[in-house]
Amino acid sequence: MSVPSTTPRPAAAHSVWPQLEPLLPQVTKPIQYVGGELGAVVKDWDAATVRWALMYPDAYEVGLPNQGVQILYEVLNELPDVLAERTYAVWPDLEALMRAQGVPQFTVDAHRAVRAFDVFGVSFSTELGYTNLLTAIDLAGIPMLAADRTDDDPVIVAGGHAAFNPEPIADFIDAAVLGDGEEAVLEITAIVREWKAEGSPGGRDELLLRLARTESVYVPRFYDVDYLPDGRIQRVVPNRADVPFRVHKRTTMDLDAWPYPKKPLVPLAETVHERYAVEIFRGCTRGCRFCQAGMITRPVRERSITTVGQMVKEGLEFSGFHEVGLLSLSSADHSEIGDMCSGLAQQYEGTNVSLSLPSTRVDAFNIDLAQELSRNGRRTGLTFAPEGGSERIRKVINKMVSKEDLIRTVVTAYTNGWRQVKLYFMCGLPTETDDDVLEIADMAHEVIRAGRAATGSKDIRCTVSIGGFVPKPHTPFQWAAMERPEVIDGRLKMLKQAINSDRSLGRAIGFRYHDGEPSLIEGLLSRGDRRVGAVIRKVWESGGRFDGWSEHFSYQRWVDAAAEVLPGFGVDLDWYTTRQREELEVLPWDHLDSGLDKDWLWQDWQDSLSEYEQDDCRWTPCFDCGVCPSMDTEIQIGPTGRKLLPLTPVDGGGLRLPSGAQQ
Amino acid sequence: MPIAFSQGFTPHPKISYASAAPTGVASEAEYLEIGLRAEVDPEQLRRALDAALSPGLDVLDAVVAGSGSLADRIEASHWRIELPEVDPAVLDRAVAAFTAAGEVLVERMTKQGRRTFDARAAVISIDVVPPTETPSGAAAVPCAILELVVRQVTPSVRPDDVLSGLRVVADLEPPVSPKVIRLAQGTLTAHGAIADPLDADRDGTAIGGR
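Cut-offs and rules
Residues numbered from 1 in each chain as written. Chains lettered and ligands numbered in written order. Predicted model: local features only at pLDDT ≥ 70, side-chain atom pairs only at ≥ 80, totals over all residues. Heavy atoms only, no water. Helix = DSSP H or I, 4+ residues; strand = E, 2+ residues; numbered from the N terminus. Buried < 20%, exposed > 50% of the residue type's maximum accessible area, 1.4 Å probe, protein only. Areas by Shrake-Rupley, 256 points an atom, 1.4 Å probe, with all protein chains shown as cover. Lys, Arg positive; Asp, Glu negative; His and termini not counted. Charge placed at Lys NZ, Arg CZ, Asp CG, Glu CD. Pairing = 2+ DSSP bridges. pLDDT = per-residue confidence, 0-100. Contact = heavy atoms within 4.5 Å. Salt bridge = Lys/Arg side-chain N within 4 Å of Asp/Glu carboxyl O. Buried area = accessible area lost by both parts, 1.4 Å probe. Polar contact = N/O pair within 3.5 Å; in protein donor to acceptor, adjacent residues only side chain to side chain. Axes fitted to C-alpha atoms, helices over the stretch in contact; angles between N-to-C directions. Parallel < 35°, antiparallel > 145°, perpendicular 65-115°, else oblique. Left-handed = near helix turned anticlockwise from the far one by under 90°. Nonpolar A, V, L, I, M, F, W, Y, C, P; charged D, E, K, R; others polar. Phe/Tyr/Trp six-rings, centres within 6.5 Å; stacked < 30°, edge-to-face > 60°. Lys NZ or Arg CZ within 6 Å of the ring centre and 35° of its normal.

- An unreviewed UniProt entry lists chain A under the name TIGR03960 family B12-binding radical SAM protein, from Micromonospora endolithica.

1. A few points about the overall build of chain A
(1) Moving on: Counting its secondary structure elements, chain A contains 22 helices and 19 strands.
(2) Moving on: Residues counted as buried form 58% of the 663 residues belonging to chain A.
(3) Moving on: Approximately 25300 Å² of chain A is accessible, and the part contributed by carbon and sulfur atoms is 51%.
(4) Moving on: Charge-centre separation for chain A: the mean point of 69 positive side chains lies 3 Å from the mean point of 96 negative side chains.

2. What to know about the overall build of chain B
(1) Moving on: When you go through chain B residue by residue, the secondary structure sums to 3 helices and 10 strands.
(2) Moving on: Ordering the α and β elements of chain B from the N terminus gives β-β-β-α-β-α-β-β-β-β-α-β-β.
(3) Moving on: With respect to the principal axes defined by its C-alpha atoms, chain B has extents near 55 × 40 × 35 Å.
(4) Moving on: Considering chain B as a whole, with its 210 residues, one finds that 38% of them fall into the buried category.
(5) Moving on: With the model as given, the accessible surface of chain B reaches about 11400 Å², and the carbon-plus-sulfur share is 51%.
(6) Moving on: Computing the positive centroid from 19 side-chain charges and the negative centroid from 29, chain B places the two 6 Å apart.

3. Quick notes on the pairing of strand β7 (residues 223-227) of chain A
Residues and elements named next belong to chain A.
(1) Moving on: Looking at chain direction, β7 and strand β8 (residues 233-238) are connected through 5 bridges and run antiparallel. The partner of Y223 across the bridge, within β8, is P238.
(2) Moving on: Linkage of β7 to β8, two consecutive antiparallel strands, is achieved through a turn of 5 residues, within which G231 is found at a positive phi near 100 degrees.

4. What to know about the confidence of the model for chain B
(1) Moving on: When pLDDT is averaged along chain B, the result is 88; 91% of the residues meet or exceed 70.
(2) Moving on: A low-confidence stretch, residues 204-210 of chain B (pLDDT under 50), is modelled with 23 contacts involving residues beyond four sequence positions or located in other chains.

5. Details of the pattern of salt bridges
(1) Moving on: Counted according to the given criterion, the structure contains 68 salt bridges over all chains.
(2) Moving on: A salt bridge links A:D333 to A:R618; the nearest nitrogen and oxygen atoms lie 3.4 Å apart. On the criterion of sequence distance, the pair formed by A:D333 in the loop between β13 (323-327) and α10 (337-347) and A:R618 in the loop between α21 (598-609) and α22 (627-631) is long-range, its members being 285 residues apart.
(3) Moving on: When its relative accessible area of 12% is taken as the criterion, A:R618 is described as buried.
(4) Moving on: Between B:E147 and B:R80 there is a salt bridge, and its shortest N-O distance comes to 3.3 Å. Note that B:E147 is positioned in strand β8 (residues 143-151) and B:R80 in strand β4 (residues 76-84), a separation of 67 residues in sequence. Grouping residues by exposure puts B:E147 and B:R80 together as buried.
(5) Moving on: A single network of salt bridges, built from pairs that share partners, joins A:R286, A:D333, A:R361, A:D363, A:D616 and A:R618.

6. Considering the confidence of the model for chain A
(1) Moving on: Per-chain confidence: chain A averages 94 in pLDDT, with 96% of residues scoring 70 or above.
(2) Moving on: Confidence drops under a pLDDT of 50 for residues 1-6 of chain A, and excluding neighbours within four residues, the segment shows 7 contacts in the predicted structure.

7. Remarks on the sheet that holds strand β1 (residues 50-56) of chain A
All names here are of chain A.
(1) Moving on: Strand order in the open sheet formed by 6 strands is β2-β1-β3-β4-β5-β6, and the pairing between neighbours is mixed. Unpaired on one side and paired on the other, β2 (82-88) and β6 (217-218) mark the two borders of the sheet.
(2) Moving on: Strand direction decides the pairing type here: strand β5 (residues 175-177) and β6, joined by 2 bridges, are antiparallel. Bridge pairing links V177 to V217 in β6.

8. A closer look at the interface of chain B and chain A
(1) Moving on: With 22 residues of chain B at the contact, the number on the chain A side is 23 residues.
(2) Moving on: Taking both partners together, chain B and chain A bury about 1600 Å²; carbon and sulfur atoms supply 64% of that area.
(3) Moving on: Across the chain B-chain A interface, the total number found is 0 salt bridges.
(4) Moving on: Where chain B meets chain A, there are 2 residue pairs in polar contact (both at pLDDT 80 or more).
(5) Moving on: The element best represented in the side of chain B that touches chain A is helix α1 (residues 42-52) of chain B, accounting for 6 residues.

9. Re the packing of helix α4 (residues 92-101) of chain A against helix α5 (residues 130-140) of chain A
All names here are of chain A.
(1) Moving on: Look at α4 against α5: their axes get within 11 Å of each other, and the N-to-C directions meet at 20 degrees. With respect to α5, the element α4 is oriented roughly parallel. For the element pair α4 and α5, the recorded crossing hand is left-handed. Counting all contacts with α4, which are made through E95, M98 and R99, the residues of α5 involved are T135, D138 and L139.
(2) Moving on: When its residues are assigned to classes, the contact of α4 with α5 shows 2 nonpolar, 1 polar and 3 charged.

10. Brief notes about α5(A)
Residues and elements named next belong to chain A.
(1) Moving on: Taking burial as the measure, the 11 residues of α5 include 11 buried ones, the bulk of the element.
(2) Moving on: All of the buried residues in α5 are Y130, T131, N132, L133, L134, T135, A136, I137, D138, L139 and A140.
(3) Moving on: Of the residues flanking the end of α5, it is G141, one or two places downstream, whose phi is positive at about 80 degrees.

11. Details of the sheet that holds strand β15 (residues 382-387) of chain A
All names here are of chain A.
(1) Moving on: In space, the 4 strands of this open sheet follow the order β15-β16-β17-β18, with parallel pairing throughout. The strands lining the two open edges of the sheet, one partner per strand, are β15 and β18 (509-513). Geometrically, the sheet is characterised by an average inter-axis angle of 20 degrees between neighbouring strands, direction not taken into account.
(2) Moving on: Across the sheet, helix α15 (residues 485-499) lies against β16 (420-427), β17 (461-468) and β18, angled at about 175 degrees from β18, the strand it touches most.

12. Things to note about the environment of B:A121
All names here are of chain B.
(1) Moving on: With respect to the helices, strands and loops of the structure, A121 is situated in the loop between β6 (113-118) and β7 (123-129).
(2) Moving on: Classification of A121 as exposed rests on a relative accessible area of 59%.
(3) Moving on: Separated by 60 residues in the primary sequence, A121 and I181 have C-alpha atoms spaced 21 Å apart.

13. A short note on α10(A)
All names here are of chain A.
(1) Moving on: In terms of burial, α10 is a largely internal element, 8 of the 11 residues being buried.
(2) Moving on: Those residues of α10 that sit buried are I337, M340, C341, S342, G343, L344, A345 and Q347.
(3) Moving on: Turning to α10, the residues buried within the fold contact α9 (305-319), β13, β14 (354-356) and α11 (364-373).

14. Describing the side chain of A:E95
All names here are of chain A.
(1) Moving on: For E95, the location among the structural elements is in helix α4.
(2) Moving on: Accessibility expressed as a relative area gives 6% for E95, which makes it buried.
(3) Moving on: There is a polar contact of 2.9 Å between the side chain of E95 and the side chain of R545.
(4) Moving on: In this structure E95 touches V90, T135, L139 and R545, once residues within four positions along its chain are discounted.

15. Quick notes on the environment of B:E103
All names here are of chain B.
(1) Moving on: For E103, the location among the structural elements is in the loop between α2 (88-100) and β5 (105-110).
(2) Moving on: Expressed as a C-alpha distance, the spacing of E103 and S19, which sit 84 residues apart in the sequence, is 24 Å.
(3) Moving on: Contact partners of E103, with chain neighbours within four places excluded, come to D118 and R120.

16. Regarding the packing of aromatic side chains
Residues and elements named next belong to chain A.
(1) Moving on: Under the counting rule described, the total for this entry stands at 15 aromatic pairs over all chains.
(2) Moving on: Seen in terms of ring centroids, Y33 and F106 are 6.3 Å apart; in terms of plane orientation they differ by 75 degrees. Their pairing is edge-to-face. With Y33 in the loop between α1 (17-20) and β1 and F106 in the loop between α4 and β3 (119-123), the pair connects residues that are 73 residues apart, well separated along the chain. One exposure class covers both Y33 and F106, and it is buried.
(3) Moving on: Geometrically, the ring pair formed by W479 and W602 is edge-to-face, given 4.9 Å between the ring centres and 90 degrees between the ring planes. Within this pair, whereas W479 is found in the loop between β17 and α15, its partner W602 is found in helix α21, the two being separated by 123 residues in sequence. Neither residue differs from the other here; W479 and W602 are each classed as buried.
(4) Moving on: Every member of this aromatic cluster is reached through a ring pair, and the members are W91, F546 and W549.
(5) Moving on: Above the ring of Y73, the side-chain terminus of R86 is found at 5.0 Å from the ring centroid.
(6) Moving on: Residue placement shows R579 over the ring face of W575; its charged tip is 4.0 Å from the ring centre.

Below, the structure is given as structure tokens:
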């Protein structure tokens, strides 16, 4: 598609704005490429010694609200000699014009060419962003393969949850960072700064070696993968001295010391979330076996109630947002969530600020919290996530909720004035049968029946929302076989019929689901090895872009590319997706250490198959998942016993200049 | 700022824009009205807003709104259109044909679907300006410049509609995207000039609170 650029990059990065501006009237939503948001930072290029381009590889409307990128952007820009700018995936209409006019991938902050930066950091929350990475690399004029890059190209670093198995993109990235980014970007910055100050000895290779020696930055080129005749991996070993056999994840302890974002970006274009989001804790030990986030972010580290209160106050003052999201993997589990919700509700009573909690825990306490947060009259939606339709499958996935719990909880929501609740389930789980899925219909019917009886009203509804299960690395289900898309689609069809088999009840039940096909491809990418890189490249070359968007995703394109490329390696799409792995198989990510003990993961997988549940280590003894001892970390939870104090009333007629806003 | 909100389930801030420039068009003269809960000093409000907005979005002035709506004071708009790589003589002939026509029907996609309307009647003046100044970003390339005064009508006649009109009457096809700038908008004086719509409220000292 393009020829690797051999021209040296310019010493100073000039703005590409004069070339970009004439293209903007010809594309949809041009404002997403303009930058200049409140919270954006533009620094002097020449005054910076280390320069980062940060990318969220999706459209601006999805990428801008991403917490990870916002946090790293702020952490880096707080350093006087460091400059960080943001870049997002451009839509195909602008991509075509940029190619025609020779405009390179640019940052939205100062519209500088991405290739001019020292480090190009890309955050992957999903593997479906891989094709967008390739577009960005190519548009930037950076050689597609890491092996072809020179000292004139930035070091491309992948991060985010998908980076816990970066093997499918190993050919395209120079490095990957596992785990929390706050301290990792500072350490990488320090290494780049020192190497540049020394006059860049040994060039790119030396820089990558120094990064690899930290034992927490994975540099794929320093590892060789050997395969067995049957296609499985024989071993992954370092190919040079001084490089660790295993690369460890980073864990940021004491979240109170890292109260970011302090100055959240306020987008000019419409985005998917327009709110100030505060992470109230990181990590989760509920132990849901499908949940990669819960496994790889252990241990639980709470942010204290007082830090959360301070962040909300300052974040709202800076940004002017009217919505606050209290985020985490299971927010109702914070040791002081009750005081936090009532304290914040009291502080913002009578204002236009609305508070929300992603509510998935199936119990009455969750409803108390939602009641508290809706004091201002605005009710946020309630979502409960039993995840599995039958008691049996919920034991398999370790989601300890009984049918009675669910019905009681939803009825409580209805009697407290909610007219609508959302129920979230998964389809395609290990050991799942048609009956497990059909029980979702029974559950929904009973919810409506009980709700009508309790409220005496027919005006109540529920929405059943189904997601496709994708087995992920570093989870007990990393060995599991995926179900075929046609089986999933068949089960969803049966479920829909079962829901509508009673017309009176069926009318009150909404049904939303995703087809099985995209999940299968996500499964290929999440558990893939380096050979899958050729599939990604083939898909990208045949036009694959924005695979997370149903209107852009093409299942056929992936199937065709896999059929063209994989047989050459003696494997195929099924081999990566619907095949169950054996205990001793070397998995592509075994040399990447999430702290979880592989023997414990295998035991938890066996427990799953025998429907044995595992409790939470926050309130039962440690069950030796391995993370705390191997990472030298510990659970950090309250309660602190502190309360949120009433805010000093803000003068109603007060005008305030935003602190630190660009003038 | 103590902005006022609409009533109802999802309160919205009270802001109304009068005759906003289309997407992708530069402007030196946009106006908006903001409802406030409390009286504030207009100059302080201007500074606070200016500080919060993006570079290039400059808040120049704020006055306390008097009687009547802002929209009623927007009678016409003054536009400047730079047409890089267009020969001024060719543009001259196109403008002459446009001016001579009694009606020039053009089409545009609106929210209600494709509409056909007259782009001629609303045009008060249309002049080819000699390229004395160097147009932005196009140094050595020939460039024709058009200045327009267009009356505010419904459906609105925008600069791109006038360019469509020039294509209809004279097959004028600019080879590259034109650069459009709104220079002014406001009330129309007897001489066809545009007066600042805030002039009528200039004496006000405090804003808001009604």
